[in-house]
Amino acid sequence: SDAITMLLAFGAYEYEASRPNATSATLKQFCRDHRLHHPSMAAAVTLRAQLSSHVERLAADANDGASTTARSIASSAATTALAPLPPPPQQQQLLLQQIVASAFPDQVARLEKLGRKRGTAMYRTAVGNRAAFIHTRSAARQLAQPPQYVVYQDLFEARRAKAVDESKIRYVMRNVTAIEGTWLPSVAKAMCTFGNEPLEQPPPRYDEATDSIRCAVTCTLHSGIGKAVPWKLPPPSNTPFPVSSLLYKYFARFLLNGNVVPAMGTLTPHLISLPSLCTKPFVQHKVIALTEALQRKRISSRSALYEQWRSEATYLRDAVMLWLPPDIAAAVTPLWPPLPHVGRGGADGDSGDAQQTRTRWARAVAAVAK
């Protein structure tokens, strides 16, 4: 990334300037040795100082009526604002690349053809549908493998000698940053069209962090300008599952698989049929009983299921028992529902209560499964 390369150069200049024996002459020599423009580097330091003063004022304002967290963050930022910048670790570099990508969502190019030599790969711009090449001085040109997607700050014509037609014009991208195609559905959302149907691959999953079912959908990028051809992007796999009967089938599948309610996982090895039966095209009575019960109450999250159990303790009991052998069903029926914090106000119960419930169910199942 040229942006990160410039950041590293700025950080090196700041470290050099922070030396006790640093002078204007030594800094100018440092810039000559590393092919940096001294006036630009000095101006960048001044600009950072101005931004730091804004942070200090925000810290002062945060002391009045702000939360403890806000005051802590602002004060810490003010204290370290003018410290020399250390090289960003790999994780921060990825975040910086995503920030650059979000700043130039309409200045994206995709790899179209590899070149014979390193750095000569040809790209196709999303806007204008132009064939473009990475500038010879770009850091991205030195990569062993050309990135599949890049964003650029400038695109200019490098017309060949005596060229008079469009096909002879060579477009060059300057200030290039390599990005991942999977970022574009987020950073260039306004330019993307998303499919309405979930894809089978990668398969839908229950996401515990958001307490929802996530899936992949098709994604197409449209520039809306010029002769550009829509791009099919890598399908985003963290899209909320659209509300339909299929949503409740997948929730039933993940419920039986133990992904949603920990205690239900103790039943999974003893089910008469695999949980994946819930999402098969053919249906059975036990599948219909479970999925329709979920759909009637519009239950597709753990929190909604727990709330329903607090008001109706027998909810789903009979439907789940259809999936179990009679002896195991008889053993766990008195324990229903598998809900941590029964009779208390917690939304999901803490991990200790969930583990206790799971242990109690595991003992009941083990007693009859021997």
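What counts as what
- Residues numbered from 1 in each chain as written.
- Predicted model: local features only at pLDDT ≥ 70, side-chain atom pairs only at ≥ 80, totals over all residues.
- Heavy atoms only, no water.
- Helix = DSSP H or I, 4+ residues; strand = E, 2+ residues; numbered from the N terminus.
- Contact = heavy atoms within 4.5 Å.
- Axes fitted to C-alpha atoms, helices over the stretch in contact; angles between N-to-C directions.
- Parallel < 35°, antiparallel > 145°, perpendicular 65-115°, else oblique.
- Left-handed = near helix turned anticlockwise from the far one by under 90°.
- Nonpolar A, V, L, I, M, F, W, Y, C, P; charged D, E, K, R; others polar.
- Phe/Tyr/Trp six-rings, centres within 6.5 Å; stacked < 30°, edge-to-face > 60°.
- Buried < 20%, exposed > 50% of the residue type's maximum accessible area, 1.4 Å probe, protein only.
- Lys NZ or Arg CZ within 6 Å of the ring centre and 35° of its normal.
- Core = buried A, V, L, I, M, F, W, Y, C linked by side-chain atoms within 4.5 Å.
- Salt bridge = Lys/Arg side-chain N within 4 Å of Asp/Glu carboxyl O.

A.B. asks: How should I be thinking about the environment of V150 in this particular structure?
C.D. replies: Relative to the elements of secondary structure, V150 occurs in strand β4 (residues 149-159). Counting along the chain gives 23 residues from V150 to M173, while the straight-line C-alpha distance between them is 9.5 Å. Discounting chain neighbours no more than four positions away, the residues touching V150 are Q107, V108, A109, Y123, M173, V176, T177, A178 and I179.

A.B. asks: So what exactly am I meant to see when it comes to the packing of helix α1 (residues 2-17) against helix α2 (residues 24-33) here?
C.D. replies: Each pair of packed helices can be described by the angle between their axes along with the distance between the axes. One can describe the packing of α1 onto α2 by two numbers: an axis separation of 10 Å at closest approach and a directional angle of 150°. The orientation of α1 with respect to α2, classified from their angle, is roughly antiparallel. The element α1 and its partner α2 pack so that their crossing is right-handed. From α1, A12, Y13, E16 and A17 reach across to α2, where they touch L27, F30 and C31. By residue class, the composition of the contact of α1 with α2 is six nonpolar, no polar and one charged.

A.B. asks: Please clarify how the packing of aromatic side chains should be interpreted in this entry.
C.D. replies: Two aromatic rings, taken as a pair, are described by how far apart their centres are and by the angle between their planes. All told, the structure shown has six aromatic pairs when counted by the stated rule. Here W309 and W336 contribute two aromatic rings whose centre-to-centre distance is 5.6 Å and whose plane-to-plane angle is 85°, an arrangement assigned as edge-to-face. Placement of W309 in helix α9 (residues 302-311) and of W336 in the loop between α11 (326-332) and α12 (351-369) is noted, with a sequence separation of 27 residues between them. Residue classification places W309 among the buried residues on the basis of a relative accessible area of 2%. Note that K286 overlies the ring of W323, its terminal NZ or CZ placed 5.5 Å from the centroid.

A.B. asks: What am I meant to see in the packing of helix α7 (residues 245-256) against helix α8 (residues 285-297) here?
C.D. replies: Packing of α7 against α8 leaves a shortest axis separation of 9 Å and a crossing angle of 115°. Of the two elements, α7 crosses α8, and the hand of that crossing is right-handed. Contacts between α7 and α8 involve S245, Y248, K249, F251, A252 and L256 on the former and, on the latter, L290, T291, L294 and Q295. Its residues placed into classes, the contact of α7 with α8 shows six nonpolar, three polar and one charged.

A.B. asks: Can you help me understand the nonpolar core in this one?
C.D. replies: Generally speaking, soluble globular proteins have nonpolar side chains that are buried together. Membership of the largest hydrophobic core comes to 43 residues, with the highest contact counts inside it found for L267, L305 and L316. Of all the elements in the fold, those that place two or more residues in this core are β8 (212-215), α7, α8, α9, α10 (317-321), α11 and α12. Top contributing element to this core by residue count: α7, with eight residues. Ignoring any residue separated from it by four or fewer positions in sequence, one finds L267 in contact with V320, L324, I328, V332, W361 and V365.

A.B. asks: What exactly am I supposed to notice about the pattern of salt bridges here?
C.D. replies: When charged atoms on two side chains of opposite charge get close, those side chains can pair. Enumeration according to the criterion identifies eight salt bridges in this entry. Notably, a salt bridge pairs R19 with E16, separated by 3.1 Å at the nearest N-O pair. As a salt-bridge pair, D318 and R317 come within 3.5 Å of each other at their nearest N and O atoms.

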